[in-house]
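A closer look at the structure
The chain contents come next:
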Amino acid sequence: MVCRMFRLETEVDKARRDLLRTRLRDTNTAASPVLRALRGTPGERDVPLHVWAVNDTDDLAGGLVGYTWATWLHVTYLWVDERHRGRGLGARLLAQAEHIATTSRDCSAARLETWDFQAPRFYVKQGYEVVCAVPDYPPGVTEYMLTKRLG
């Protein structure tokens with residue numbers, strides 16, 4: 001049966017996006033004992049986690065942007081300026097984020113995505129395991145999801 005009572009709209013609408021996210025989160029929380037247990041705790045929401053490498057003049061040499069949620073650290077971005085690569089700065093940024101996630105946010109695992117031309121070997125060297133590979137995402141590139149048990 002086709003529902004004809006509703007029109008479909010395609011414009012970007014941040015208020016509707018936020019409403020949809022709230023309703024989906026409520027539905028998921030009601031269906032999952034783990035998410036219900038998180039209700040009202042700091043782990044219920046995404047808590048930003050940033051680590052920056054800057055010099056005395058505040059020049060950015062590198063940084064990590066992520067968040068923690070449900071005992072997981074999610075690394076969204078990790079970047080090191082080309083002039084500082086190969087010197088351990090990326091490993092230090094990642095290790096600091098993992099330290100914060102385990103010591104003050106009760107995280108027991110981490111996850112991230114990277115492309116084949118970026119740094120999958122770097123993350124494997126840091127103890128991460130490839131759990132998923134998506135070929136041709138985007139075309140000609142493979143995306144990897146990696147995870148690591150922390151602590």
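Structural notes, computed from the coordinates. None of these values were measured; they are calculated from a predicted model.

Conventions and cut-offs
Residues numbered from 1 in each chain as written. Predicted model: local features only at pLDDT ≥ 70, side-chain atom pairs only at ≥ 80, totals over all residues. Heavy atoms only, no water. Pairing = 2+ DSSP bridges. Helix = DSSP H or I, 4+ residues; strand = E, 2+ residues; numbered from the N terminus. Axes fitted to C-alpha atoms, helices over the stretch in contact; angles between N-to-C directions. Expected span 1.5 Å × (residues − 1). Buried < 20%, exposed > 50% of the residue type's maximum accessible area, 1.4 Å probe, protein only. Contact = heavy atoms within 4.5 Å. 1 Å grid on protein atoms, 1.4 Å probe; cavity = no way out; pocket = protein on both sides within 12 Å on 5 of 7 lines; lining within 4 Å. Points joined across faces, edges and corners; volume = space filled by probe spheres on them. Nonpolar A, V, L, I, M, F, W, Y, C, P; charged D, E, K, R; others polar. Phe/Tyr/Trp six-rings, centres within 6.5 Å; stacked < 30°, edge-to-face > 60°.

Our focus in this paragraph is the sheet that holds strand β3 (residues 72–80). Taken together, 6 strands build an open sheet; the order of strands is β1-β2-β3-β4-β6-β5 and the sheet is mixed. Strand pairing shows two members of the sheet lacking a second neighbour, β1 (47–54) and β5 (129–135), which therefore form its edges. Geometrically, the sheet is characterised by an average inter-axis angle of 20° between neighbouring strands, direction not taken into account. Bridging between strand β2 (residues 60–69) and β3 involves 8 bridges; their strand directions are antiparallel. In the sheet register, Thr68 faces β3, and the bridge partner there is Leu73.

Turning to helix α3 (residues 89–103), a few remarks are in order. Helix length check: α3 (15 residues) gives 21 Å between terminal C-alpha atoms against 21 Å at 1.5 Å per residue, within 8%. Inspection of α3 places Leu89, Gly90, Leu93, Leu94, Ala97, Glu98 and Ala101 among the buried residues, and these make up the whole buried set. On its buried face, α3 sits against β1, β2, β3, α4 (120–125) and β6 (142–149).

Roughly 760 Å³ of internal volume is contained in the largest pocket. Lining the largest pocket are 28 residues, with Leu78, Thr114, Gln118, Ala119 and Tyr123 sitting closest to its centre. Listing elements by their share of the lining of the largest pocket, those giving two or more residues are β3, α3, β4 (109–115) and α4. For the lining of the largest pocket, the element with the most residues is β3, which contributes 7 residues. Partitioning the lining of the largest pocket into residue classes produces 14 nonpolar, 8 polar and 6 charged.

Attention now moves to the environment of Pro135. Looking at where Pro135 falls in the secondary structure, it is placed in strand β5. Counting along the chain gives 39 residues from Pro135 to Gln96, while the straight-line C-alpha distance between them is 31 Å. Not counting residues within four places of it along the chain, the set of residues in contact with Pro135 comprises Val141 and Thr142.

Turning our attention to the packing of aromatic side chains. The description of two aromatic rings rests on the distance between their centres and on the angle between their planes. In the structure shown here, the tally under the stated rule is 3 aromatic pairs. Look at Trp115 and Phe117: their rings are 5.6 Å apart centre to centre, the planes differ by 25°, and that puts the pair in the stacked class. Under the relative-accessibility criterion, Phe117 is labelled exposed at 54%. When the ring of Phe122 is compared with that of Tyr123, the centres are 5.0 Å apart and the planes differ by 70°; the resulting orientation is edge-to-face. Taking the relative accessible area as the measure of exposure, Phe122 reaches 24% and is therefore partly exposed.

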